[in-house]
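One-letter residues, chain by chain:
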Amino acid sequence: MTSARPAAPPAELQLLLIGIGGQGIQLIGKTLAQAATNTGKHAMLAADYGGEMRGGPSNASVVIGTEPLRSLPILPSATAAIVASHKFAGPVPQRLREGGLLLRNSSVVDSGAGREHHRVVEVPATAMATELGAPQASGFILLGAFNRLTGLVPEAELVTAMTALLPPYRAQHATKNAEALSAGAAAVAGQEAPR
Amino acid sequence: MNTAVAKPSMQLLEGATAIAESAILAGCRFFAGYPISPFTPLLEHMSRALPENGGVCINAESEIEGANMALGAGATGAMAATGSCGQGLALMQETIAEAALNETPMVVFNLARNQQDYFQATRGGGWGDYRTIALAPKDIPEAVEHTQLLFHLSRRYRAPTLLYGDPLLAQTRVGVHLRRIEFDELPPQDWALDGTGGGTGESRQIWTWAMGKATNPGLGPDGHWQQVAAKFDRIAELEQRSEQRYAEDADTLVVSFGSAAKFIEHVVEELRAEGHRIGWFRPISLWPFPGPALAGATAGIKRVLVFELNAGQMLEDVRQYARDRDAIRFIGGVSIHESGLSYGPLLDAPEIRARILAAIAEDSTRSTS
Amino acid sequence: MTQELRIVPTDRPPADGKARKVADFRPSLMLGEHGLCPGCGEPVALRILLETLQDLGIVNNSIGVVGHGCYGSFVRIMDVDVLQCLHGRAPSCATGIKRMRPQTAVFTMQGDGDMVNEGLQEVLHTAARGENVTAILLNNGVFGDTGGQQTATTVLGQRTKTSIEGRDPGLHGHPIPVADLVASLDGVGYVARGAVGTAGSIARTKRMIRAAFESQLAGEGFSLVEILTMCPTGWFVGAPQGPDYLAESMEQVFPLGDLRARPKPSGAGA
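Residues numbered from 1 in each chain as written. Chains lettered and ligands numbered in written order. Predicted model: local features only at pLDDT ≥ 70, side-chain atom pairs only at ≥ 80, totals over all residues. Heavy atoms only, no water.

### As for the nonpolar core
Among the nonpolar cores identified, the biggest contains 138 residues, and B:Phe31, B:Leu42, B:Met46, B:Phe109, B:Val318 and C:Leu83 are the most heavily contacted of them. Non-local contacts of B:Leu42, meaning those with residues more than four positions away in its chain, are made with B:Ala16, B:Ile19, B:Ala20, B:Phe31, B:Phe109 and B:Leu111. (Core = buried A, V, L, I, M, F, W, Y, C linked by side-chain atoms within 4.5 Å. Buried < 20%, exposed > 50% of the residue type's maximum accessible area, 1.4 Å probe, protein only. Contact = heavy atoms within 4.5 Å.)

Below is the structure:
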């Protein structure tokens, strides 16, 4: 028999990623978790996605902290959310804590409920990605923006993690994905949370 | 590629990968399995990493073949393992029982879809007086430790051992430190088949019936199976594992296992912070069930809540050991994701919290009416 | 051959009183007498298998995997390291053993019920994987151990306890020539079918077993020797009638000979 440690107060970033298959939700989740790990942080990535490769719900949650994590793999509440698609954004309003950062892909997600309770930032990620000539990279636009808003890791760490995670048959996307990360960051310049 | 070299730094690994790497660190050299969700990534990783570490992984033609390949490999003294989810383990039951009765070490990984395999893990579906040591880790770091412990116990007791995981353990990625755990030295494996016994008059034999050779008779089924049964009685005494918190000053104790216990821990901490006198108890070894520890933890408890993601399987073991059977309330249930491959909405902290509070409220109503 | 052959009556002891049991001639690897029925062909198959291990000098470098049938009792009398495994699964267990001990000669011993009924998947996949093991099939066309029921190799017309009027293809289907199936697969080094009904067939079958082990030792892949064996008890014939019954029934359906010859060694004689 062993005895458990008492709970420590959570000082963990809890991020919900909400989108549909094909938007690269799982890849941006992995990129963020891997970059955080590479910089010495504790990270968790819990995936929850439907069977379809494209078009079905694709959700993930990422938890990042400086101590061993205590968050559950199914988050009862989150401190931040990235909503890439309106189609399956249902749980966000209930799960996102008051005052939490809500990053919306304004190209496809209507402004909706929650605005008054959350710190909403909008980025037209789909339009920007199309403009970049890389429609598959809208997720990285959102990730770049999110990272700038939160200052989680140096942007170069995201590029390194993303490049390493791409399977060989997608390696050609690395350059455009990196451009998307930068474009996303630039789009929210000046909106960083006061620290 | 993540190969099994002990790295001091933290690696972000999918649970199935972390378990596979831990198995290789423990010395696993043979793995055979048949793809099935959510076990598949463990097999995939083994198929890459085992050959890089001098081992063999076979994508078997069925769960039955995979389990018997592992049994054959284990019979040579090699550390061998197989795995599936509960559906595939159903097909392996005969082989698991056979390995228990002919005393071949092997580890079986059940990366299950939910908690509906508790009876399968703790009772088994093979014939004969056998039991299977079954550990249920609450999260990936613990699964990494349990994996190595199971290889050790399997060899120490010459018996199959089982890890009971789930989709959260298999598919979540977390930062883990992989390292080899050192255990007590094991007795020599003089029973292992290496082919050198032939022509000596003392050739070796692995046989469920333990008949021995004409010149050197064995115990036979009667004596052998009594001996095996006595061994499992000994294991039942020695290998109980559990964890508990706040039982000493609680009115309510929640009993749960595996990933569900991690959620219970979380909710109990919340409720404690709000002033509820509540604690939790977690069997880590599902078999042997930590009955005496549960009996101790439930002494003086007003209500024992059992939470598991099935129709009430561990509930039977709790009923056997809880100090006051009338204090037991079942607050779990069957809850399956629409894909059929994972948990449904019940495995969620707010839902669990509501059920606990409802159970407490119901008791209060009853006691005041 | 002009020499006249003397007919030796085998249905009674010889008149000179010098009869000795075949078991007295057993190889030293046989630790005791078998307990199978009079006229059974399986002990003969065991004897030539063990003699082959001795002839090849691999006695103390061999592991046997034995299935479930009458021959299961051989585990007690064969002085070889043995895993007694579940019904039908010997090729899978042999796979695990061979992969962990590639320098060891690994063989299975299975009956037709074991290999062709319960374990058809195992033997076919093990062969197709090219596992470097030798399978020995003792085929008598019935479940001998349980008293003579129909197996997947029971020939058409044969009476068994579960086809009492004779195997009827309309009711009971057709026998499976498993050795021919295995011989058709890539990954296979050597396949042959022998018998133990006569002194000649025994000698020829022993050469087949030797070829199978030589094939394994040369790393040529899976090898199988199917041995047709007498089961007078399961066939409901007298012990002396076993060999003739074998020749007239099973050998007609399952012809003897090499079904897949060993690959020709380059630059060397056979």
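We are not done yet, so read on.
### Considering the interface of chain C and chain B
By a widespread convention, an interface's size corresponds to the accessible area lost as its parts come together. The interface is formed by 37 residues belonging to chain C together with 40 residues belonging to chain B. In total, about 3,100 Å² of surface goes out of reach between chain C and chain B, with carbon and sulfur atoms giving 59% of it. In this structure, the connection of chain C to chain B is made through three salt bridges. For the salt bridge of C:Arg129 with B:Glu65, the shortest nitrogen-to-oxygen distance reads 3.9 Å. The tally of links between chain C and chain B comes to 23 residue pairs in polar contact (both at pLDDT 80 or more). (Buried area = accessible area lost by both parts, 1.4 Å probe. Salt bridge = Lys/Arg side-chain N within 4 Å of Asp/Glu carboxyl O. Polar contact = N/O pair within 3.5 Å; in protein donor to acceptor, adjacent residues only side chain to side chain.)

### A closer look at the sheet that holds strand β5 (residues 106–111) of chain B
Strand order in this open sheet of seven strands is β3-β2-β4-β5-β7-β6-β15 (chain B), and the pairing throughout is mixed. Two strands close off the open sheet at either side, each with one partner strand: β3 (56–59) and β15 (285–287) of chain B. When strand polarity is set aside, the average angle formed by the axes of neighbouring strands in this sheet is 20°. One ladder, built from four bridges, connects strand β4 (residues 80–84) of chain B with β5(B); its direction is parallel. Paired with B:Ser84 across the two strands is B:Asn110, which belongs to β5(B). Relative to β3(B), helix α2 (residues 90–100) of chain C is tilted by about 155°, and along the sheet it contacts β2 (30–33) and β3 of chain B. (Pairing = 2+ DSSP bridges. Helix = DSSP H or I, 4+ residues; strand = E, 2+ residues; numbered from the N terminus. Axes fitted to C-alpha atoms, helices over the stretch in contact; angles between N-to-C directions.)

### Details of helix α5 (residues 155–165) of chain A
Residues and elements named next belong to chain A. Taken as a whole, α5 has its buried residues at Leu-158, Ala-161 and Met-162. Axial view of α5: buried residues confined to an arc of 100°, hence all on one face. Across from the buried face of α5, at angles greater than 90 degrees, the exposed residues are Ala-156 and Ala-164. On its buried face, α5 sits against α1 (25–38), α4 (138–150) and α6 (174–187). (Arc of directions from axis to C-beta.)

### Some details on the packing of aromatic side chains
All names here are of chain B. Scanning all chains against the criterion turns up twelve aromatic pairs over all chains. Seen from their ring centres, Tyr-118 and Phe-257 are 5.3 Å apart, and the 50° between their planes marks the pair as tilted. One end of the pair, Tyr-118, is in helix α5 (residues 118–122); the other, Phe-257, is in the loop between β13 (252–255) and α9 (258–273), and 139 residues separate them in sequence. A residue is classified by how much of its surface remains accessible, and Phe-257, at 1% relative accessible area, is buried. Residues Phe-289 and Tyr-321 carry aromatic rings whose centres are separated by 5.8 Å and whose planes lie at 20° to one another, so their mutual orientation is stacked. (Phe/Tyr/Trp six-rings, centres within 6.5 Å; stacked < 30°, edge-to-face > 60°.)

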